[in-house]
Amino acid sequence: MAASLCAGGLAVLAYFHDSDLVLLREHLNHPFAFGALACLLMACAALGLRWRWLRVLIGVLAGLGASGALFVGSVALSFTATEEAGFVDGPAPYRIRLQQSPAGLGPDSVMWLSLRRDDGLLSKEWNLGCMNDDDPDDAFDSVKWTGPSSVKIRVTDGRTFPIALDPVSGRPQTTIALNC
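Now for a quick tour of the structure. Because the structure is a prediction, the values reported are computed rather than measured.

## Looking at the nonpolar core
Okay, step 1: I96, L113, L115, M131, F140, V143 and I153 are the most contacted members of the largest nonpolar core, which has 20 residues in total.
Okay, step 2: Those elements giving two or more residues to this core turn out to be β2 (94-102), β3 (109-117), β4 (124-132), β5 (140-147), β6 (150-155), β7 (160-164) and β8 (176-178).
Okay, step 3: Once you skip the residues sitting within four places of it in the chain, F140 turns out to touch L98, M111, L113, M131, I153, R154 and T156.

As structure tokens, this is what we get:
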């Protein structure tokens, strides 16, 4: 029972709390998997109950909950899957991560840029921006470091977006979002 409550708590925490830590964001941010695990652990805990009708009721509800969590999780995963498009190294310990994902059901794609500060298990990552290529002028062209604490993002029509980083934390002070 306690393990079920812990897994359910992890599911709620992963769903509602967005962390800057790469370890939590990439490896422990699976709310639907934690939800399915909580339902299955609840079904296992129900096997020890004395009343048969209560065991059956909890088992059926846990099975429906686990099935629903896995179904919704697989649908969400199919619409939010991203591909790694590379990294742009910057002054140590920073680098920019490029990811690409489909934009809905059409042929468009979205380029996601994030800033990563490498520090082992305490590595952090922050959003820099996203560009949707449904308008060809807004498609991502390039990103380059313009100084130890500044980045410039360029789109295909030639516009540039300078982004300054906080000198203490390294967090971007602004972000961009073009049609996403």
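## Some words on the environment of P148
Okay, step 1: Within the element layout of this structure, P148 appears in the loop between β5 and β6.
Okay, step 2: Residue class for P148 comes out exposed when judged on its relative accessible area of 65%.
Okay, step 3: Separated by 16 residues in sequence, P148 and A164 place their C-alpha atoms 9.5 Å apart.

## Focus on a nonpolar patch on the surface
Okay, step 1: Residues W51, W53, V56, L57, V60, L61 and L64 make up a contiguous nonpolar surface patch of about 760 Å² in total accessible area.
Okay, step 2: According to the relative accessible area criterion, V60 is partly exposed, its value standing at 46%.

## Focus: the packing of aromatic side chains
Okay, step 1: Under the defined criterion, the tally for this structure stands at one aromatic pair.
Okay, step 2: Between Y94 and W145, the ring centres sit 6.4 Å apart and the planes meet at 40°, which makes this aromatic pair tilted. Separated by 51 residues along the polypeptide, Y94 in strand β2 and W145 in strand β5 bring together distant segments of the chain.
Okay, step 3: When the ring centre of F87 is taken as origin, the NZ or CZ atom of R95, which lies over that ring, is 4.1 Å away.

## Quick word on the pairing of β6
Okay, step 1: Only one face of β6 is covered, namely the one carrying V151, I153 and V155; the face carrying S150, K152 and R154 has none of its residues buried.
Okay, step 2: Pairing geometry for β5 and β6, over six bridges, is antiparallel. The partner of K144 across the bridge, within β6, is K152.
Okay, step 3: Hairpin remark: β5 followed by β6, antiparallel, with two residues in the connecting loop.
Okay, step 4: Both β6 and β7 contribute to a ladder of five bridges, which runs antiparallel. Within the sheet, the bridge partner assigned to I153 lies in β7 and is F161.
Okay, step 5: Hairpin connection from β6 to β7: four residues lie between these consecutive antiparallel strands, with G158 at a positive phi of about 100°.

## Here we look at the side chain of S123
Okay, step 1: With respect to the helices and strands, the residue S123 is situated in the loop between β3 and β4.
Okay, step 2: In this structure the side chain of S123 is engaged in a polar contact, spanning 2.8 Å, whose partner is the backbone nitrogen of D119.
Okay, step 3: A distance of 2.8 Å separates a polar side-chain atom of S123 from the backbone oxygen of G120.

## Comments concerning the sheet that holds β6
Okay, step 1: An order of β5-β6-β7 is seen for the three strands of this open sheet, with the pairing classed as antiparallel. Each edge of the sheet is formed by a strand with only one pairing partner; in this case those strands are β5 and β7. On average, adjacent strands in this sheet sit at an angle of 20° to one another, irrespective of strand direction.

## Brief notes about the pattern of salt bridges
Okay, step 1: Tallied over the full model, the rule gives seven salt bridges.
Okay, step 2: For the salt bridge of E84 with R97, the shortest nitrogen-to-oxygen distance reads 2.8 Å. Here E84, found in strand β1 (residues 83-89), pairs with R97, found in strand β2; they are 13 residues apart in sequence, far enough to count as distant.
Okay, step 3: Under the relative-accessibility criterion, E84 is labelled partly exposed at 44%.
Okay, step 4: For R97, a relative accessible area of 10% corresponds to the buried category.
Okay, step 5: Between D118 and R95 there is a salt bridge; the shortest N-O distance is 3.1 Å. With D118 in the loop between β3 and β4 and R95 in strand β2, this residue pair connects regions lying 23 residues apart in the sequence.
Okay, step 6: Judged by relative accessible area, R95 falls into the partly exposed class, the value being 22%.

Calculation rules
Residues numbered from 1 in each chain as written. Predicted model: local features only at pLDDT ≥ 70, side-chain atom pairs only at ≥ 80, totals over all residues. Heavy atoms only, no water. Core = buried A, V, L, I, M, F, W, Y, C linked by side-chain atoms within 4.5 Å. Buried < 20%, exposed > 50% of the residue type's maximum accessible area, 1.4 Å probe, protein only. Helix = DSSP H or I, 4+ residues; strand = E, 2+ residues; numbered from the N terminus. Contact = heavy atoms within 4.5 Å. Patch = residues over 30% accessible without salt bridge, like charges linked within 9 Å, V, L, I, M, F, W, Y side chains within 5 Å. Areas by Shrake-Rupley, 256 points an atom, 1.4 Å probe, with all protein chains shown as cover. Salt bridge = Lys/Arg side-chain N within 4 Å of Asp/Glu carboxyl O. Phe/Tyr/Trp six-rings, centres within 6.5 Å; stacked < 30°, edge-to-face > 60°. Lys NZ or Arg CZ within 6 Å of the ring centre and 35° of its normal. Pairing = 2+ DSSP bridges. Polar contact = N/O pair within 3.5 Å; in protein donor to acceptor, adjacent residues only side chain to side chain. Axes fitted to C-alpha atoms, helices over the stretch in contact; angles between N-to-C directions.

Fair warning: the whole summary comes from geometry, so function is off the table for now.
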